[in-house]
Protein chains: 4
Amino acid sequence: MNENYTNEMVQFRRQIHKRPEEGWTEFETMNIVVKRLRELGFKVEMGTKAINPKFVMGRDPELVAKAMQRAKEHGVSQEFLDETEGYTGCVGIWETGRPGPVTMFRHDMDCVIVQETDDPKHESNVGHYCSERDGLMHACGHDAHTSVGLGVAHWIVDHKDELCGTIKLLFQPAEEGTRGGLPMSESGLLDDVNYIVCCHIGTNCQLGEIGICRKGFLATAKIDLSFTGKPAHAGSDPEKGRSALLAACNVATTLAGIPRNGQGDTRISIGKLNAGEGRNVVPVHAKMQVEVRGQTEPVNQYMVDYVERITKGIAEAYDVQYTFEKVGAATTLETSDEVSDTLEAIAKDIPFIKRIVPSDGISGSEDCTWLIRKVLSHGGKGGFFIFGCNQHGHHKGDFEIQDEQSLPEAFEMLTRFLQAKNHA
Amino acid sequence: MNENYTNEMVQFRRQIHKRPEEGWTEFETMNIVVKRLRELGFKVEMGTKAINPKFVMGRDPELVAKAMQRAKEHGVSQEFLDETEGYTGCVGIWETGRPGPVTMFRHDMDCVIVQETDDPKHESNVGHYCSERDGLMHACGHDAHTSVGLGVAHWIVDHKDELCGTIKLLFQPAEEGTRGGLPMSESGLLDDVNYIVCCHIGTNCQLGEIGICRKGFLATAKIDLSFTGKPAHAGSDPEKGRSALLAACNVATTLAGIPRNGQGDTRISIGKLNAGEGRNVVPVHAKMQVEVRGQTEPVNQYMVDYVERITKGIAEAYDVQYTFEKVGAATTLETSDEVSDTLEAIAKDIPFIKRIVPSDGISGSEDCTWLIRKVLSHGGKGGFFIFGCNQHGHHKGDFEIQDEQSLPEAFEMLTRFLQAKNHA
Amino acid sequence: MNENYTNEMVQFRRQIHKRPEEGWTEFETMNIVVKRLRELGFKVEMGTKAINPKFVMGRDPELVAKAMQRAKEHGVSQEFLDETEGYTGCVGIWETGRPGPVTMFRHDMDCVIVQETDDPKHESNVGHYCSERDGLMHACGHDAHTSVGLGVAHWIVDHKDELCGTIKLLFQPAEEGTRGGLPMSESGLLDDVNYIVCCHIGTNCQLGEIGICRKGFLATAKIDLSFTGKPAHAGSDPEKGRSALLAACNVATTLAGIPRNGQGDTRISIGKLNAGEGRNVVPVHAKMQVEVRGQTEPVNQYMVDYVERITKGIAEAYDVQYTFEKVGAATTLETSDEVSDTLEAIAKDIPFIKRIVPSDGISGSEDCTWLIRKVLSHGGKGGFFIFGCNQHGHHKGDFEIQDEQSLPEAFEMLTRFLQAKNHA
Amino acid sequence: MNENYTNEMVQFRRQIHKRPEEGWTEFETMNIVVKRLRELGFKVEMGTKAINPKFVMGRDPELVAKAMQRAKEHGVSQEFLDETEGYTGCVGIWETGRPGPVTMFRHDMDCVIVQETDDPKHESNVGHYCSERDGLMHACGHDAHTSVGLGVAHWIVDHKDELCGTIKLLFQPAEEGTRGGLPMSESGLLDDVNYIVCCHIGTNCQLGEIGICRKGFLATAKIDLSFTGKPAHAGSDPEKGRSALLAACNVATTLAGIPRNGQGDTRISIGKLNAGEGRNVVPVHAKMQVEVRGQTEPVNQYMVDYVERITKGIAEAYDVQYTFEKVGAATTLETSDEVSDTLEAIAKDIPFIKRIVPSDGISGSEDCTWLIRKVLSHGGKGGFFIFGCNQHGHHKGDFEIQDEQSLPEAFEMLTRFLQAKNHA
């Protein structure tokens with residue numbers, strides 16, 4: 001392939017790597033994306049045209065406000081920020097003007113809350129593009145995903161005369177915590193899509209390997225619970241208090257005991273609990289982070305319903321108030337054989353791809369599953385692949401991706417898919 | 001005192017001792033009482049005139065029906081049984097025809113669920129009047145209480161010309177489990193009472209001792225909880241079940257944690273739990289016996305309210321149905337100094353009473369507290385005393401009372417009280 | 001096939017059906033079996049030669065003693081009872097005298113605790129052979145299994161000149177609760193077995209259907225827990241008590257929360273809990289019935305270990321004593337293709353078998369899995385099949401098996417297996 | 001009284017008020033105290049001569065190290081800091097040289113973790129001596145206690161010729177959390193004390209009022225629990241994790257259910273719980289703050305023992321590690337009538353004391369109870385009084401004490417006590 005595309009993607013990727021942004025705060029990243037897409041001549045949909053606010057989960061308005069301020073201080077224009085309506089996420093649209101299918105690729109943009117290592121041998125330290133933001137890092141490779149999207153955009157313009165139909169490049173916020181997929185799937189911008197391809201770097205594939213996932217991922221919901229009791233001096237007036245701590249503890253142990261489900265695997269995680277104000281005061285506040293998973297969507301919903309019922313009932317038992325907030329959700333992966341077969345055939349054809357890795361039933365969760373489901377729901381088709389890199393574990397401070405070699409893998413897969421499906 | 005009264009009381013007591021009857025089933029005992037009162041010329045109120053059905057607790061209609069059948073087989077007439085309307089408990093009324101106060105004494109009639117010992121040295125075996133009914137025994141001395149009532153009745157008739165005002169002898173069912181006191185207190189028969197005196201045999205007093213209680217007893221409520229879930233095969237369809245067992249278990253441990261109360265001592269007892277049908281079936285049924293106590297009536301009510309709230313909330317959490325039934329209740333003891341002082345003075349005057357035992361703050365609960373409260377509520381006055389016997393522990397199969405010596409203690413206390421307050 | 005075999009099996013089955021016996025108490029049934037085997041000339045191993053006492057689970061010596069007494073009253077000789085050493089279960093051995101493989105069939109003998117219906121249309125009522133023992137019934141078809149064993153025994157003798165090798169007919173006690181399989185597998189009598197075939201009536205197969213199971217069943221353990229606390233009056237001395245009830249409740253809710261296992265499905269059932277003596281006494285005794293399952297043996301062991309650890313720790317927390325007793329266990333089904341293929345081929349050849357039903361992954365548990373495992377462990381081979389009947393559900397009072405038609409299915413499968421493997 | 005003493009005490013109090021120091025970090029305060037005592041000619045015992053390290057509770061070495069650094073930066077000499085051996089707390093000793101009793105007064109020095117109000121009308125803002133340290137404030141009046149000690153020291157020197165025996169002024173660290181009393185009581189410096197008087201400002205007394213406490217305070221223990229589990233991905237490997245969070249939650253709800261005690265009131269408070277690292281990781285760490293109280297020392301010990309047993313057992317049940325650390329303790333108040341009567345007589349004699357407030361059974365806890373107990377243990381005598389101020393609640397940011405008027409109350413009580421007991 002043309003080395004210019006690689007160089008360009010590498011450059012974008014390193015620029016983005018230096019300024020990692022958490023879910024729903026990707027204003028600097030998105031500014032790069034939108035600016036480039038517009039330079040290239042793409043029409044760009046953003047704000048509430050790209051994000052359906054009714055389906056937004058796990059977005060903290062205060063954090064967003066601070067992020068917009070920070071972006072502004074780093075040179076993002078007020079005009080652009082206004083255009084976002086406070087929502088990160090956008091879709092670049094290329095109309096070839098020729099009849100043909102609507103094909104969409106998805107690229108997520110957010111980072112994870114991890115401190116990048118200061119090991120001088122770590123690739124971003126060697127290359128002088130390590131994270132400038134303390135405690136934040138692109139340790140899941142979404143910087144790669146976004147850069148590939150921009151590389152593909154360039155290629156589309158270079159090959160515009162050979163293409164037909166419409167091509168949509170979707171740049172998603174907040175994949176971590178599975179928050180941004182659903183509101184983009186409900187934006188209306190997927191309603192005419194015929195083919196959607198999503199991909200991820202790393203996981204079970206090494207450099208030179210492509211994984212084709214036809215099914216898998218557990219459906220999941222991320223839930224925040226809070227409890228509010230009444231304070232009282234624990235020594236003199238214990239009867240006047242209502243302990244949010246004890247209510248939360250009973251909820252936690254009861255959640256762990258949600259019955260297994262004969263219809264499919266389930267998971268329940270009570271990951272965090274913070275409760276109480278002082279040793280001798282009946283605790284007023286408790287906050288809990290919960291996550292459920294299910295082998296199927298109904299099995300996951302079974303878990304969600306149980307969490308809500310247990311929380312409500314036990315809060316009443318302890319006479320405390322509660323809130324139940326779903327702050328993230330993903331469904332299971334469904335794909336179309338047509339797309340998966342095409343991707344597998346393409347992978348076999350790429351000279352530097354040495355191996356196709358069977359990748360059904362990958363554990364974990366991914367919210368691009370909502371995007372694919374939406375396309376499937378009106379008769380469109382979709383697929384998912386993994387492109388490899390040699391790494392030491394995702395979500396860790398020493399995560400590496402060898403960008404010069406890994407980015408071309410995805411670039412080839414996606415541009416060849418366009419050649420297969422949108423060839424004029 | 002006249003030995004005839006003693007002999008008569010002893011005879012009644014032994015007759016009753018042979019046929020012990022549980023709370024709400026005292027048809028044979030009551031038959032003896034009513035027959036004797038009518039013989040002596042007392043007016044007798046019974047059925048729903050003596051028991052207010054709205055306040056009845058812990059009465060099992062099936063058990064009552066069986067008891068009526070049994071009584072009939074032991075010679076109680078159908079006419080009498082009809083008169084009871086199925087409710088044990090009655091009040092014998094003696095109108096002297098002379099102006100004077102209305103004075104009431106209370107005598108309870110029920111036995112406890114205990115097997116009487118077959119030790120040949122045990123007093124009822126020596127005297128050949130041990131319980132004929134397996135697993136039931138007058139092991140709390142209510143046979144003594146009832147007999148004293150009949151002895152006093154005889155004395156009243158013998159001394160009718162020396163008395164003024166009205167005298168009411170109340171014979172109460174179901175003191176065990178604190179069930180019969182409240183519905184008698186709400187019968188209307190206490191509304192004109194000026195003086196009420198209640199008493200109990202044993203507890204902290206030996207033969208020759210009288211205890212005067214001016215305050216004490218914990219308020220209490222006895223509560224039956226039941227839970228109904230949904231069955232399912234625990235191996236193949238655990239998600240379809242709703243475990244009444246687990247709901248009950250969570251209720252039990254949560255009840256134990258009801259916060260202490262700065263306003264007074266509290267108690268919570270989860271005494272029994274039976275749940276489940278088989279090892280591999282999600283349990284459908286659970287039944288639990290609970291008891292709470294409080295140093296004051298509001299503190300006890302605080303416990304009752306908590307039990308109900310916890311049961312309701314946790315049942316909802318586990319998606320099971322529940323029932324909450326109060327099957328017994330007693331309040332704290334309040335008395336009048338006038339009555340207590342009179343009783344203390346009388347006790348000091350009785351030659352065979354050697355010692356007055358300070359008896360405030362006796363632990364345990366007593367439902368004559370409702371009767372005294374009712375009298376106090378309209379300006380009447382009340383008191384409580386203990387008459388001693390040498391015993392090996394109440395509610396045990398070897399409980400003894402030395403009736404020839406202990407019955408006269410109470411007889412003297414009560415007849416002298418009438419001489420003090422209802423002397424013509 | 002020869003109708004005589006059918007008639008004989010039907011007769012035995014109905015005789016056994018009338019006298020159902022619980023696990024470890026099958027003395028009358030076994031008496032029939034041993035008598036018949038000896039009549040036919042089989043060598044019979046029994047007592048501790050057939051049952052390894054070290055591996056016995058869920059056997060109540062008191063229940064066994066009563067059963068032996070009952071059997072004696074129903075004509076079983078003392079000599080025979082002595083021979084059993086108190087252990088039901090035996091192996092009939094036929095040595096052909098010709099070289100050839102050792103082949104074993106397994107037949108279980110115990111009934112379930114279910115009341116047989118008195119519906120006059122129910123087949124055993126029509127045929128006048130319904131259960132004579134209240135609350136006990138052959139509602140899982142083990143009477144059929146045992147009778148087929150006796151039919152096959154007769155056939156072996158009739159065809160002794162056509163057979164080679166050794167044939168062992170294993171009659172197992174206590175399959176319900178998965179108790180008898182393990183101690184027979186450890187008796188030594190399986191150590192030389194080359195082929196083992198086990199079978200069950202009903203489940204997913206109708207009359208005229210044979211199911212071949214190559215894998216399936218969940219590994220399971222049945223566990224009895226007991227807790228012993230200290231009594232105290234809940235009102236006056238709550239601090240002196242140690243509540244076995246509360247300890248058991250905490251154990252129950254904690255068991256429900258044993259973490260899911262990523263290595264395979266798990267199940268936990270707390271099926272029964274009985275605790276406490278009276279409403280106002282701190283409960284001294286609690287008994288709990290628990291069952292765990294796992295998709296693999298290690299996953300099941302993970303559950304067992306957790307149950308023990310939770311029970312131990314929480315008992316300590318509540319300062320109560322506990323016992324942990326494994327009263328039943330089964331492992332997962334492993335089979336050999338050679339045997340399964342042979343069984344499938346035989347089934348296809350039997351004229352009155354209309355359909356072969358795919359039966360891998362049957363849910364539930366079976367302790368013949370231990371027997372097959374033992375044979376496989378030294379290089380032998382094993383298989384499992386189901387022979388159909390039209391029934392309304394196992395373990396129900398109206399379970400039926402149409403013995404004239406269903407018994408021949410199994411008889412044909414087993415005798416043809418001998419013709420295939422032990423043909424002289 | 002002499003206004004000079006008042007002015008001096010007010011000056012010291014305001015100086016100390018500006019530099020509040022938490023328990024075990026009172027290096028600046030103690031520097032003032034020791035410097036002044038030495039100026040006046042007192043012998044001063046400090047370091048491990050005043051604090052018995054074996055009995056130290058709730059002292060964080062890291063916090064102490066930072067505090068010593070801070071004190072140094074505020075002018076405290078290294079020499080002095082070395083002398084403390086890192087332990088705050090000291091005893092000033094005045095030997096009169098004349099035979100007579102050893103009399104001790106106790107003054108505590110630490111502040112509370114409360115932000116002082118910036119209300120301009122608040123007395124320390126009016127007087128320009130409000131706290132210079134964010135989040136820390138003398139909101140319990142220990143600045144007053146310490147200043148009174150220095151005032152009394154001056155008075156002693158001024159009246160040295162009128163005094164006999166020995167006078168010891170004990171300056172205690174870490175009364176908050178009831179941490180410093182016990183290690184000072186075990187220093188040896190109380191072993192010869194004949195009279196000890198302790199006092200506190202505020203609580204139930206207004207300006208011009210003195211309260212005499214003869215008994216009261218609940219015994220208490222402050223306990224820190226921590227749990228350490230094992231991390232695992234909650235989605236893929238839940239069986240590999242051990243949840244410190246769930247263990248802590250079960251401990252919390254079980255602690256709440258420690259049985260009531262018939263021997264005396266109990267209290268249990270689970271005030272704080274922080275657990276877990278992330279939503280989808282099995283929680284490794286949990287920390288909990290617990291407090292128990294008992295109406296008597298054995299009843300309190302009953303609670304402590306239960307907390308330890310429950311923690312240990314449940315940690316084992318969940319297979320997590322735990323630590324149990326007692327970080328504070330106080331016992332119940334016992335006093336001598338001789339001292340209390342003397343104090344009451346003195347109070348009645350002070351012209352500006354208008355009222356003696358009955359103050360038995362004050363709720364809350366105080367660790368001077370250890371000091372008094374120690375003196376009583378060898379036949380010495382002790383007492384406790386309260387001196388009033390008009391305040392808006394202790395431990396609140398607007399706590400005020402009207403130092404010109406309140407400090408003389410305590411000064412008079414203590415110096416008059418010396419005149420009564422140590423008059424030459």
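Cut-offs applied
- Residues numbered from 1 in each chain as written.
- Chains lettered and ligands numbered in written order.
- Predicted model: local features only at pLDDT ≥ 70, side-chain atom pairs only at ≥ 80, totals over all residues.
- Heavy atoms only, no water.
- Helix = DSSP H or I, 4+ residues; strand = E, 2+ residues; numbered from the N terminus.
- Polar contact = N/O pair within 3.5 Å; in protein donor to acceptor, adjacent residues only side chain to side chain.
- Contact = heavy atoms within 4.5 Å.
- Least-squares fit on C-alpha atoms with pLDDT ≥ 70 in both.
- Buried area = accessible area lost by both parts, 1.4 Å probe.
- Salt bridge = Lys/Arg side-chain N within 4 Å of Asp/Glu carboxyl O.
- Nonpolar A, V, L, I, M, F, W, Y, C, P; charged D, E, K, R; others polar.
- Pairing = 2+ DSSP bridges.
- Phe/Tyr/Trp six-rings, centres within 6.5 Å; stacked < 30°, edge-to-face > 60°.
- Buried < 20%, exposed > 50% of the residue type's maximum accessible area, 1.4 Å probe, protein only.
- Lys NZ or Arg CZ within 6 Å of the ring centre and 35° of its normal.
- Axes fitted to C-alpha atoms, helices over the stretch in contact; angles between N-to-C directions.
- 1 Å grid on protein atoms, 1.4 Å probe; cavity = no way out; pocket = protein on both sides within 12 Å on 5 of 7 lines; lining within 4 Å.
- Points joined across faces, edges and corners; volume = space filled by probe spheres on them.

In the nomenclature of an unreviewed UniProt entry, chain A is known as Amidohydrolase of Candidatus Aphodousia faecigallinarum.

1. Section: the side chain of arginine 13 of chain D
Residues and elements named next belong to chain D. For arginine 13, the position within the fold is in helix H1 (residues 3–18). At 3.0 Å, the side chain of arginine 13 forms a polar contact with the side chain of aspartate 143. Residues contacting arginine 13, with those up to four places away along its chain left out, are Glu123, Tyr129, Asp143, Ala144, Ser147, Ile401, Asp403 and Leu407.

2. Points about the relation of the copies chain C and chain B
If you rotate chain C by 180 degrees and push it 0.1 Å along the axis, it lands on chain B with an RMSD of 0.1 Å. The transformation relating the two chain copies, once decomposed into turn and shift, fits a two-fold axis. Looking at the interface residues of chain C, 100% of them are also at the interface in chain B, so both copies use one shared face.

3. Comments concerning the interface of chain D and chain A
Contact residues are listed per partner, giving 37 residues for chain D and 37 residues for chain A. Across the chain D to chain A interface the summed buried area is about 2,700 Å²; carbon plus sulfur atoms make up 56%. Here chain D is connected to chain A by two salt bridges. A salt bridge links arginine 279 of chain A to aspartate 224 of chain D; its shortest N-O distance comes to 2.8 Å. In this structure, the connection of chain D to chain A is made through 12 residue pairs in polar contact (both at pLDDT 80 or more). Tallied by class, the residues present in the side of chain D that touches chain A amount to 16 nonpolar, 13 polar and eight charged. Summarising the sheet, strand S9 (residues 266–275) of chain A and strand S9 (residues 266–275) of chain D pair through three bridges and their orientation is antiparallel.

4. What about the pattern of salt bridges?
Applying the stated criterion to the full structure yields 143 salt bridges over all chains. Taken together, the salt bridges that share partners define one network made up of Arg13, Arg14, Glu123, Asp143, Asp403 and Glu404 of chain A.

5. Some details on the relation of the copies chain D and chain A
Note that the two copies of the chain are related through a rotation about an axis and a translation along the same axis. When chain D is brought onto chain A, the operation consists of a screw motion whose angular component is 180 degrees and whose axial shift is 0.1 Å, with 0.1 Å RMSD remaining. Most of the interface of chain D is mirrored in chain A, where 100% of its interface residues again form contacts.

6. Regarding the packing of aromatic side chains
Under the definition given, this model contains 32 aromatic pairs over all chains. For the ring pair tyrosine 195 of chain D and phenylalanine 417 of chain D, a centre distance of 6.0 Å and an interplane angle of 80 degrees mean the geometry is edge-to-face. You can see tyrosine 195 of chain D sitting in strand S5 (residues 195–201) and its partner phenylalanine 417 of chain D sitting in helix H12 (residues 403–421), a full 222 residues away along the chain. You'll find tyrosine 195 of chain D and phenylalanine 417 of chain D in the same group, each marked buried. Consider the rings of tyrosine 302 of chain D and tyrosine 306 of chain D, whose centres lie 5.3 Å apart with planes at 70 degrees: the pair is edge-to-face. Here tyrosine 302 of chain D and its partner tyrosine 306 of chain D are both found in helix H9 (residues 297–317), four residues apart, which amounts to about one turn of the helix. Feature note: the residues Phe105, Tyr195 and Phe417 of chain A constitute an aromatic cluster, connected by ring pairs. Positioned above the aromatic ring of tyrosine 306 of chain A is the side chain of arginine 309 of chain A, whose terminal nitrogen or guanidinium carbon lies 4.4 Å from the ring centre.

7. A word on the interface of chain C and chain B
By convention, interface size is frequently given as the accessible area that disappears when the constituent parts associate. Every contact between the two is made by 37 residues of chain C and, on the other side, 37 residues of chain B. Contact between chain C and chain B buries roughly 2,700 Å² in total, counting both sides, with carbon and sulfur atoms accounting for 56%. Inspection of the region where chain C meets chain B yields two salt bridges. Of all the secondary structure elements, the ones that give two or more residues to the side of chain C that touches chain B are strand S8 (219–228), helix H8 (244–256), strand S9 (266–275) and strand S10 (285–294) of chain C. The element that contributes the greatest number of residues to the side of chain C that touches chain B is S9 of chain C, accounting for eight residues.

8. Things to note about the sheet that holds S8 of chain C
Strand pairing in a sheet takes place through backbone hydrogen bonds and is either antiparallel or parallel in direction. Read from one edge of the open sheet, eight strands run S11(B)-S8(B)-S10(B)-S9(B)-S9(C)-S10(C)-S8(C)-S11(C), paired in antiparallel fashion. Each edge of the open sheet carries a strand with a single partner, namely strand S11 (321–330) of chain B together with strand S11 (321–330) of chain C. If you compare each strand with its neighbour and ignore which way they point, the axes differ by 25 degrees on average. By the bridge criterion, nine bridges tie S9 of chain C to S10 of chain C in an arrangement that is antiparallel. Note on S10 of chain C: the bridge partner recorded for alanine 275 of chain C is alanine 286 of chain C. Together, S8, S9, S10 and S11 of chain C form the strand contacts of helix H9 (residues 297–317) of chain C, whose direction differs from that of S8 of chain C by roughly 5 degrees.

9. Concerning empty space enclosed by the protein
Within the structure shown, the criterion is met by four cavities of 30 Å³ or more. One number sums up the size of the second largest cavity: a volume of about 320 Å³. Around the second largest cavity, the lining comprises 23 residues; the ones closest to its centre are Ser243 and Leu246 of chain A, Gly257 and Pro259 of chain B together with Ile268 of chain D. Among the elements of the structure, helix H9 (297–317) of chain B together with S9 of chain D are those that each provide at least two residues to the lining of the second largest cavity. By residue number, the principal contributor to the lining of the second largest cavity is S9 of chain D, which donates four residues. Classifying every residue of the lining of the second largest cavity gives 15 nonpolar, five polar and three charged.

10. Looking at the environment of leucine 376 of chain A
Residue and element names in this part refer to chain A. Of note, leucine 376 is situated in helix H11 (residues 368–377). As a C-alpha pair, leucine 376 and aspartate 224 span 152 residues in sequence and 30 Å in three-dimensional space. When near neighbours in sequence (up to four residues on either side) are disregarded, leucine 376 contacts Glu334, Thr335, Ser336, Lys381 and Gly382.

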